[in-house]
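# Residue-level structure breakdown
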Amino acid sequence: GGHATTACLITKTDTNPFFVKMKEGATAKAEELGVELKTFAGKFDGDHETQVQAIETCILDGAKGILLTASDTSSITSSVQQARDAGLVVIALDTPLNPIDAADATFATDNYRAGLLIGQWAKAQMGDAAADAKIGLLNINVSQPTVGVLRNQGFLEGFGVDLGDPSKWGDETDPRIVGHDVSDGNEEGGRKGMENLLAQDAEINVVYTINEPAAAGAYEALKALGREDDVLIVSVDGGCPGVQNVAEGVIGATSQQYPLLMASLGIEAIKNWAENGQKPEPTPGKDFFDTGVGLVTDQPVDGVESISVEEGLAKCWG
Amino acid sequence: MSETTQSSDSYESAANRAERVAEFEQHNRGFVGRLQHILHLNPSFVPLIVLLGSILMFGLLLGSKFFSPFALTLILQQVQIVGIVAAAQSLVILTAGIDLSVGAIMVFSSVVMGQFTFRYGLPPTIAIACGLAVGTAIGALNGWLVARVKLPPFIVTLGMWQIVLATNFLYSANETIRSQDIEAQAPLLQLFGAKFDVGGAVLTVGVVFMLILVFVLAYVLKHTAWGRHVYAVGDDPEAAELSGVNVKRTLIQVYALAGLICAFAGWALIGRIGSVSPTSGQLANIESITAVVIGGISLFGGRGSILGTLFGALIVGVFTLGLRLMGADAQWTYLLIGLLIIAAVAVDQWIRKVSG
Amino acid sequence: MSETTQSSDSYESAANRAERVAEFEQHNRGFVGRLQHILHLNPSFVPLIVLLGSILMFGLLLGSKFFSPFALTLILQQVQIVGIVAAAQSLVILTAGIDLSVGAIMVFSSVVMGQFTFRYGLPPTIAIACGLAVGTAIGALNGWLVARVKLPPFIVTLGMWQIVLATNFLYSANETIRSQDIEAQAPLLQLFGAKFDVGGAVLTVGVVFMLILVFVLAYVLKHTAWGRHVYAVGDDPEAAELSGVNVKRTLIQVYALAGLICAFAGWALIGRIGSVSPTSGQLANIESITAVVIGGISLFGGRGSILGTLFGALIVGVFTLGLRLMGADAQWTYLLIGLLIIAAVAVDQWIRKVSG
Amino acid sequence: MEPILKGRNLVKRYGRVTALDHCDFDLMPGEILAVIGDNGAGKSSLIKAVSGAVIPDEGEVFLNGEKVSFSSPMDARDAGIETVYQTLAMSPALSITDNMFMGREIRKSGFMGKWLRQLDRAAMEKFARDKLNDLGLMTIQNINQAVETLSGGQRQGVAVARAAAFGSKVIILDEPTAALGVKESRKVLELIQDVKSRGIPIILISHNMPHVFEVADRIHVHRLGRRLCVIDPKKHTMSDAVALMTGAKEPDAQDAAA
Amino acid sequence: MEPILKGRNLVKRYGRVTALDHCDFDLMPGEILAVIGDNGAGKSSLIKAVSGAVIPDEGEVFLNGEKVSFSSPMDARDAGIETVYQTLAMSPALSITDNMFMGREIRKSGFMGKWLRQLDRAAMEKFARDKLNDLGLMTIQNINQAVETLSGGQRQGVAVARAAAFGSKVIILDEPTAALGVKESRKVLELIQDVKSRGIPIILISHNMPHVFEVADRIHVHRLGRRLCVIDPKKHTMSDAVALMTGAKEPDAQDAAA
Ligand SMILES: Nc1ncnc2c1ncn2[C@@H]1O[C@H](COP(=O)(O)OP(=O)(O)OP(=O)(O)O)[C@@H](O)[C@H]1O
Ligand SMILES: Nc1ncnc2c1ncn2[C@@H]1O[C@H](COP(=O)(O)OP(=O)(O)OP(=O)(O)O)[C@@H](O)[C@H]1O
Ligand SMILES: [Mg+2]
Ligand SMILES: [Mg+2]
């Protein structure tokens, strides 16, 4: 249908449930509004080249707008500029570009805040024991994509650890940190990474994980040692299986994001741009439109705003 | 023409007068000589030596932290999936092929097992059988393309990798089946994760399966006709064909068997990570090929032993855990593993050369 | 013993009476026959046919959207990095090796160029020279390990891949150098991204570089002694050594040259993506090897042409863009590309067989 | 008498090269047929075409008067045709024993053999050793040596031993003594006589005229991809044969017809 | 007279197999030295050891009285020793011309050759064609054919042509006529005589006694990895030679000392 508005959705990958949901949200909204949607994704987290090619394809295809979760937030800006020059509206989803105004608008979760919330929660939850906690961190991979760094550093900040350089993980000197390992953001890597951390120090009692699949893997490793009940696992994402795991005590708390919301807002914005030439406005006081983060836990602590598991399940995206 | 015949016979008949079996000086061997001889006859012992050497090294550096039953069995557990997949990879590489689709077959089989149980409500036994069948079928298709259509294995399995992985994501809709659900409803899927104690060391069914698999394959490759054919096909397919091996059938069987083993790896994967996760196994190709090559099997086919592969996988496992224990951070570990892979093979070459 | 000598001579001398150069029946050829003959002599035309076929197919399916100068030059732009790296990969594969470190060398070289300029404030020309030197040095190290220490290329470059990539992350601290900064302070780094118009089609320096590189290498491989040595080394290194090729030197040169080309690819990468991003190029290995194999170079070395590699890279580029334009979503695109890789090579094999 | 193996009008082209050019071929029961001809005349191509190693572009092959079309060497082998190819067709990395028994391995008796399909290495090694001793290949020190470590002549000896041991209907030898020493060549000639006395016909390709004239019953002269003529070694001299195959002499009318 | 090429006490072991067992060796200037011996006696190992193709475990090699230690066949070639190995050492996928000129290609003159280092294919092809014609290898239809598509004998012919064309000090031929036809063998023998008349000494390994006795000046009899004796073909019969190399006869005292 050459007459309908065409929109593109470009995600980092389409294997991570988070992006799968984002795509579902966009597809549903596009159908509702009669927008033709084309979707693209990188082959792995950090696959920048495929995203560049996707933007070029969208320009060639005559799309009206692009929804983009960038793998490399600063490198992508030249391609984004090319698209904007060609008359497309480019909206960054989930991850702001660097600089943020490289995109026409940003509908994002604040990943740093997501990390911060679970860090604060974990600290409060442990109380005095937090002073000599033993922390293991399971990141995504050694190439340190920005989301991973933001979540990780947010968590450490929230937990009260001195960050060193906030643009990378691994340079902290706090003795409470047992180590950083990588998990590829999936169960397999989560288990292996957790085992490696446990081999370094079997007394680990706080575990940060990049996402809930990694958390599930870490839990399996702990279970194999019978230590699943004395370790606090925190995570980010808020997918339904993840929230379910919070309900069952696998994960202590998780920061929930709202990919469906971001995507459907994005489609609406493109439609609006195509028909009225209007660009969306940021959240007052911020330079982006914040789609919000919710800390999901059944053990709320003072000073950290959170929502219950029921609420989390109602809003989850799985 | 009897006159010419005789003339040729006349001097040649001189050859028939006496015969003696060749006896060359047999030089004496000391311990080193005997070791060399053993290594010469059993080249798979070379990676074993490298393995023992690296265990010893980390043992000396790290002491009881490394020499604990926990750490040592942990290595086995971490290596089991790669070990099983590498066994499949070894078979394929012995035929001078390569299988880039092993990881995809593994994870897709595990997804089939999980989804058939949870989406369609099939009994786990049937779902597992289906998963194994799917793996075998994909492998057989690989084999058919390699043997019959005569496409290069690299391309066939590269294409298949993408096809199977995409199918996997499309079919599973990227949904994980949670460990808790499996435990409650279909514990059979987690069979390979079952633990038992052997004198302080915790082994899992998956680890035992890996070990048995490797030994069975070693037997098959060495002591059955089929095994010899696999080597012959990899060594020189034309010569094998001319000397009476059904090269095509052997190839199809090898790829199908590799597919089946990968499907078992998929089952073992469920046991290891508890859940069914469609995003697992993305590094299985490269890790399995690494294990095979470190283990001394030639990528040109026909040479090497599958026991070597097991040792190869363990060498990588030992290094990885050892380095983490020594406190190297993730990026440094990554770097050092790269160095050590090269070093392990260099030592291997050196021992081979010395053992001449 | 003159009597015997004569007896042997007596019949053999009959051979010397007449001589005639063999002339066999030369069967007539029609157009098909002539085409077959051309393909037989120039096997690299086979992927060219597949390429033209696929362009035609997408042209018919997509019409002017695909047949526009913009779309067609877009393919060239999207393929340029893989094309350059695949040229390096071709050299290595022709020697029966494989280079898994190409992607790592590429990004690390680009990071060196960027960081030397921005961190140490060196003039861009010097920084670029350093980047090229680093790439060459890593390549030469690969070559030294393969040729002198006699390690398998797969392992050497696998290890080097990890080492270089980890070094890259450690050195760059995972920091991207932004396009705007480069444009302002060191536009030379973006040289390969410079665009010019050729009749509506927008070409970049990088695209032109890729094309020139491939043609120069094709010339060198076909028309110089060094090129023939590369083929000989890949064909049968032992025979090459015995017949007077300095196998070790040739290997080291090939790997070093591959490293240099990858460093150029790193420079081109800056031009393409504007910025210096240490996370780029992670798929360069597999994509370059795919292009090489689709292009008809044997992974066993010694056979094939580098022009084929260019066509191989373009085939993948055409498929990728075509499928995306047709609106296939990512997983479907992967699945179809997987299928098409296999199909492309199957067609290739078939044409070769028919042209016998 | 009907030939046991017959080729008619065989054509094989390799690109621009025509290796077989409408070639006929007959092997009579119980005979030793020598095939002689210049290098590149197409002798190996001919025997490859009749033994299933290449599939001819045109023409037909008959075994015992029945048309056969072998699609692989295995088919020919199953039909009782055993061939020593000029390239020897051995797997370099495998042992002598493995190579000799490739495709017809002996399994152990009893449980190990029946159920675990274990090979009977001892039996195979003994058999291999015996066959090599029959050929006088005494310098082979280790029967489990990889074939690639054998000297050129030793390798050829192993290939001949294999064919002689297993051929049941036709044995084809493509230059079996080319790399062999004087003693070993003698042994092969004896072996050929021996096989013939068992009633099995043999095709022998050789450039060694004294050997050919010593053992052959008939000589097929091959030239430029086809059969020039068939001569009787008792009625012609070696000089005649050489003159024919090099084109220095035209064949007599009755020979050419044969 | 000082030997031009001399080996002393050469030892080469392969695992359990001893291929050379304290072997001596002498090649005199301008002579044709034949090396004969059983299969597996170690003849090829010997010439590999003196031509740099294998590095002996023990022992020394002298060229023109000076100790040399070739670490690769290239070293030997640069010293003027040209060898045809039994395995022929050719790159199967490359053309005849490429193989003949491997490592000593001819470049075009002028700009193309000097600066673009372009090969002079026409000149190389002509040279190759001529050399093959000299050997009577007329059945080779296409000089740019890949070597792997040649018949066994054609391939050997190409290897011999290469050595003869380029050898300057010593030419070593390991069974150069094994796969050759009658006519082509004759040509090679003529070629050997021809090379000798140019003053270049030749080492000829062969199992063909008539050929050996026809051309050799001296015969080195190799047995069980070492030199058994050196005999003069004019003073001994072929039967003597065969008996010596197979161990049926002991050498005379003065020969063994030689
Ligand atoms: N696979 C092939 N590809 C191309 N040409 C080939 C191939 N095999 C053989 N030929 C050509 O066919 C012709 C006949 O070869 P063939 O091997 O049958 O000769 P031959 O009579 O056995 O010679 P020889 O006595 O040297 O073994 C030769 O010119 C050879 O170059
Ligand atoms: N690379 C190797 N590895 C192991 N053994 C070897 C190797 N090369 C040769 N041999 C052994 O060394 C011995 C001598 O071999 P060589 O090739 O020198 O014999 P030869 O006299 O040339 O025989 P032929 O006349 O058959 O060519 C043989 O027993 C052979 O098996
Ligand atoms: Mg032949
Ligand atoms: Mg020899």
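Description of the structure in this document. (Residues numbered from 1 in each chain as written. Chains lettered and ligands numbered in written order. Predicted model: local features only at pLDDT ≥ 70, side-chain atom pairs only at ≥ 80, totals over all residues. Heavy atoms only, no water.)

## Some points on the overall build of chain D
Looking only at helices and strands, chain D has 10 helices and 10 strands in total. Taking 18 Å as the expected radius of gyration for a compact globule of 258 residues, we find that chain D reaches 19 Å, a close match to that expectation. Structurally, chain D occupies a C-alpha span of about 65 × 40 × 40 Å along its principal axes. Among the 258 residues that make up chain D, the fraction classed as buried is 62%. In the structure as shown, chain D presents an accessible area of about 8,800 Å², 49% of it carried by carbon and sulfur atoms. A distance of 4 Å separates the average location of the 33 positive side-chain charges in chain D from that of its 32 negative side-chain charges. (Helix = DSSP H or I, 4+ residues; strand = E, 2+ residues; numbered from the N terminus. Rg over C-alpha atoms; globule rule 2.2 N^0.38 Å. Buried < 20%, exposed > 50% of the residue type's maximum accessible area, 1.4 Å probe, protein only. Areas by Shrake-Rupley, 256 points an atom, 1.4 Å probe, with all protein chains shown as cover. Lys, Arg positive; Asp, Glu negative; His and termini not counted. Charge placed at Lys NZ, Arg CZ, Asp CG, Glu CD.)

## What about the state of the cysteines?
Per the stated rule, a full pass over the model turns up 2 disulfides over all chains. Shown here is the disulfide that connects Cys8(A) with Cys58(A), its sulfur atoms set 2.2 Å apart. Looking down the S-S bond of the Cys8(A) and Cys58(A) bridge, the torsion is -125°, so its handedness is left-handed. In this pair, Cys8(A) is assigned in strand S1 (residues 6-11) and Cys58(A) in helix H2 (residues 48-61), connecting sequence segments 50 residues apart. Here Cys8(A) falls in the buried class, since its relative accessible area comes to 0%. Put simply, Cys240(A) and Cys316(A) are joined by a disulfide, and their sulfur atoms are 1.7 Å apart. Between Cys240(A) and Cys316(A) the disulfide shows an S-S torsion of about 90°. By sign, it is right-handed. With Cys240(A) in helix H8 (residues 240-247) and Cys316(A) in the segment after helix H10 (309-315), the pair connects residues that are 76 residues apart, well separated along the chain. The exposure class of Cys240(A) is buried, given its relative accessible area of 15%. Not engaged in a disulfide, the cysteine Cys130(B) finds its nearest cysteine sulfur in Cys262(B); these two sulfurs lie 18 Å apart. (Disulfide = S-S within 2.5 Å.)

## What about the interface of chain B and chain C?
Note on interface size: it is often stated as the accessible area lost on association of the parts. The interface is formed by 39 residues belonging to chain B together with 42 residues belonging to chain C. When the two sides are added together, the surface that chain B and chain C hide from each other amounts to roughly 3,500 Å², 81% of it contributed by carbon and sulfur. Across the contact surface, chain B and chain C share 0 residue pairs in polar contact (both at pLDDT 80 or more). Here the side of chain B that touches chain C gets 14 residues from one element, more than from any other, and that element is helix H7 (residues 153-172) of chain B. Of the residues belonging to the side of chain B that touches chain C, the class tally is 30 nonpolar, 8 polar and 1 charged. (Contact = heavy atoms within 4.5 Å. Buried area = accessible area lost by both parts, 1.4 Å probe. Polar contact = N/O pair within 3.5 Å; in protein donor to acceptor, adjacent residues only side chain to side chain. Nonpolar A, V, L, I, M, F, W, Y, C, P; charged D, E, K, R; others polar.)

## Let's talk about the pairing of strand S9 (residues 218-223) of chain E
Residue and element names in this part refer to chain E. Of all 6 residues making up S9, 6 are buried, and the element is well covered by its neighbours. Both faces of S9 are covered, namely the face carrying Arg-218, His-220 and His-222 and the face carrying Ile-219, Val-221 and Arg-223. Direction of pairing for strand S3 (residues 32-37) relative to S9: parallel, over a ladder of 5 bridges. Across the sheet, Ala-34 pairs through a bridge with Ile-219, a residue of S9. Two strands pair when backbone bridges link them, and S9 and strand S10 (residues 226-231) are joined in this way by 5 bridges, in the antiparallel orientation. Its bridge partner lying in S10, Val-221 is registered against Cys-229. The antiparallel hairpin formed by S9 and S10 contains 2 residues in its connecting segment, where Leu-224 sits at a positive phi of about 50°. (Pairing = 2+ DSSP bridges.)

## With respect to helix H9 (residues 259-276) of chain A
It helps to recall that an α-helix has 3.6 residues per turn; residues three or four apart then point in one direction. In a regular helix each residue adds 1.5 Å, so 18 residues correspond to 26 Å; H9(A) covers 25 Å between its end C-alpha atoms and thus fits that length. All buried positions along H9(A) are accounted for by Pro259(A), Met262(A), Ala263(A), Ser264(A), Gly266(A), Ile267(A), Ala269(A), Ile270(A) and Lys271(A). (Expected span 1.5 Å × (residues − 1).)

## What about the coordination of the magnesium ion (ligand 3)?
All names here are of chain D. The coordination sphere of the magnesium ion (ligand 3) contains the protein donors Ser-44 (OG) and Gln-86 (OE1), at a distance range of 1.9 to 2.0 Å. Taken together, the positions of Ser-44 in helix H1 (residues 43-50) and Gln-86 in the loop between strand S6 (81-84) and helix H3 (96-100) put the pair 42 residues apart, joining distant regions of the chain. The class for Ser-44 is buried, based on a relative accessible area of 17%. On the basis of relative accessible area, Gln-86 is assigned to the partly exposed category, the value being 25%. (Donors = N, O, S within 2.8 Å, 3.2 Å for Na, K, Ca; no water.)

## A look at the relation of the copies chain B and chain C
Least-squares fitting of chain B to chain C yields an RMSD of 0.2 Å, with the transformation described by 0.0 Å of translation along the axis and a rotation of 180°. On this basis, the relationship between the two copies can be described by a two-fold rotation axis. Here 100% of the contact residues of chain B are again contact residues in chain C; the copies associate through an equivalent surface. (Least-squares fit on C-alpha atoms with pLDDT ≥ 70 in both.)

## Considerations on the site of ligand 2
Surrounding ligand 2, one finds 21 residues, the nearest of these being Ser151(D), Gly40(E), Lys43(E), Ser44(E) and Ser45(E). Mapping the residues near ligand 2 onto chains gives chains D and E. One nitrogen or oxygen atom from the side chain of Gln145(D) is found 3.0 Å from an oxygen atom belonging to ligand 2. Between ligand 2 and Ser44(E), the relevant distance is 2.6 Å, taken from an oxygen atom to a side-chain nitrogen or oxygen of the residue. (Near = heavy atom within 4 Å.)

## Description of the arrangement of the chains
Between chains B and C lies the most contact-rich interface of the 8 pairs of chains that touch. There is no contact between chain A and chain D; across them, the least C-alpha separation is 36 Å. In this assembly chain A lies apart from chain E, the nearest approach of their C-alpha atoms being 37 Å.

## Some details on the interface of chain B and chain D
Of the residues lining the interface, 34 residues belong to chain B; the matching set on chain D comes to 40 residues. Between chain B and chain D lies a buried interface of about 3,200 Å² when both sides are counted; carbon and sulfur atoms form 60% of it. In this structure, the connection of chain B to chain D is made through 2 salt bridges. With a shortest N-O distance of 2.9 Å, Arg228(B) and Asp98(D) are connected by a salt bridge. Applying the counting rule to chain B against chain D returns 9 residue pairs in polar contact (both at pLDDT 80 or more). At the level of elements, helix H1 (2-12), helix H9 (205-223), helix H10 (225-235) and helix H11 (237-242) of chain B are the ones that each hand at least two residues to the side of chain B that touches chain D. When its residues are assigned to classes, the side of chain B that touches chain D shows 13 nonpolar, 11 polar and 10 charged. (Salt bridge = Lys/Arg side-chain N within 4 Å of Asp/Glu carboxyl O.)

## Focus on the pattern of salt bridges
In the structure shown here, the tally under the stated rule is 61 salt bridges over all chains. Lys38(A) serves as the salt-bridge partner of Asp61(A), at 2.5 Å between the closest nitrogen and oxygen. In this pair, Asp61(A) sits in helix H2 while Lys38(A) sits in strand S2 (residues 36-41), placing the two residues 23 residues apart along the sequence. Note on Asp61(A): relative accessible area 12%, which makes it buried. Linking Asp232(E) and Lys235(E) is a salt bridge whose minimum nitrogen-to-oxygen distance equals 3.5 Å. The network of salt bridges with common partners includes Lys29(A), Glu32(A) and Glu268(A).

## Points about the site of ligand 1
Residues in close proximity to ligand 1 total 21 residues, the closest being Lys43(D), Ser44(D), Ser45(D), Thr149(E) and Ser151(E). Surrounding ligand 1 is a set of residues that belongs to chains D and E. Contacts to ligand 1 include Ser44(D), whose side-chain N or O atom sits 2.6 Å from an oxygen atom. Contact between ligand 1 and Gln145(E): an oxygen atom at 3.0 Å from a side-chain N or O atom of the residue. Against a free-state accessible area of 630 Å², the protein chains account for coverage of 89% of ligand 1.

## Some words on the sheet that holds strand S4 (residues 58-63) of chain E
Residue and element names in this part refer to chain E. Across the sheet, which stays open at both edges, the 4 strands sit in the order S2-S1-S4-S5 with antiparallel pairing between neighbours. The outermost strands of the open sheet, each flanked by one partner alone, are strand S2 (17-27) and strand S5 (66-68). When strand polarity is set aside, the average angle formed by the axes of neighbouring strands in this sheet is 30°. Those strands touched by helix H1 (residues 43-50) are strand S1 (5-14), S2 and S4, and its axis lies near 60° from that of S2. (Axes fitted to C-alpha atoms, helices over the stretch in contact; angles between N-to-C directions.)

## Here's the deal with the sheet that holds strand S8 (residues 206-209) of chain A
The strands making up a sheet associate through hydrogen bonds between their backbones, and the pairing can be parallel or antiparallel. All names here are of chain A. Strand order in the open sheet made by the 6 strands is S7-S6-S8-S9-S10-S12, with mixed pairing throughout. Since the sheet does not close on itself, it has two edges, and those belong to strand S7 (177-182) and strand S12 (294-296), each with one partner. Sheet twist, expressed as the mean angle between neighbouring strand axes with direction ignored, is 15°. Across 5 bridges, strand S6 (residues 135-139) lies against S7 in parallel orientation. Counted as the bridge partner of Gly-136 is Gly-179 from S7. Lying on the sheet, helix H5 (residues 146-159) is in contact with S6, S7, S8 and strand S9 (232-237); it crosses S6 at an angle near 165°.

This is a description of form; function is not addressed.
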